[in-house]
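If you want the building blocks of each chain, they are given just below.
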Amino acid sequence: MVTDKRLQIINEFKATNYEKVIKICEEIIASNRETSEIFNIYGLALQKQNLINESKEKFKKAIQLDTNNFEALNNYAI
């Protein structure tokens, strides 16, 4: 299920449907199946909506879950 949701998130992000990305990420997080990757893309969607403080929090959570997530580290730095 998470794999299907992950593909849906990627497709929605490519289509610039950031609100949909956020909704799907929140559903995954609510089901306690969050991953570093989910928080990273959640942060990216928030960033695209100029919700910078919120996006930084998601990037930090991604980094907490996986200190080797270089994409999240880079996105947080930006």
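Everything here concerns the structure above.
This section reports on the structure supplied with the text. (Residues numbered from 1 in each chain as written. Predicted model: local features only at pLDDT ≥ 70, side-chain atom pairs only at ≥ 80, totals over all residues. Heavy atoms only, no water.)

1. Here we look at the overall build of the protein chain
When you go through the protein chain residue by residue, the secondary structure sums to five helices and zero strands. Ordering the α and β elements of the protein chain from the N terminus gives α-α-α-α-α. In terms of overall dimensions, the protein chain is globule-like: its C-alpha atoms have a radius of gyration of 11 Å, near the 12 Å expected for 78 residues. Principal-axis analysis of the C-alpha atoms places the extent of the protein chain at approximately 30 × 25 × 20 Å. (Helix = DSSP H or I, 4+ residues; strand = E, 2+ residues; numbered from the N terminus. Rg over C-alpha atoms; globule rule 2.2 N^0.38 Å.)

2. Remarks on the nonpolar core
Ranked by internal contacts, the top residues of the largest apolar core, which has 15 residues, are Ile9, Phe13, Val21, Cys25 and Ile41. Every element with two or more residues in this core is listed here: helix H1 (2-14), helix H2 (18-30) and helix H3 (36-48). Not counting residues up to four positions away in its chain, the partners in contact with isoleucine 41 are Ile9, Phe13, Val21 and Cys25. (Core = buried A, V, L, I, M, F, W, Y, C linked by side-chain atoms within 4.5 Å. Buried < 20%, exposed > 50% of the residue type's maximum accessible area, 1.4 Å probe, protein only. Contact = heavy atoms within 4.5 Å.)

3. A few points about H3
The terminal C-alpha atoms of H3, which comprises 13 residues, lie 19 Å apart, in line with the 18 Å expected from a rise of 1.5 Å per residue. Burial analysis of H3 places ten of its 13 residues in the buried class, the great majority of the element. Buried within H3 are the following residues: Ser36, Ile38, Phe39, Asn40, Ile41, Tyr42, Gly43, Leu44, Ala45 and Leu46. Positioned one or two residues after H3, asparagine 50 has a phi angle of 60°, which is positive. (Expected span 1.5 Å × (residues − 1).)

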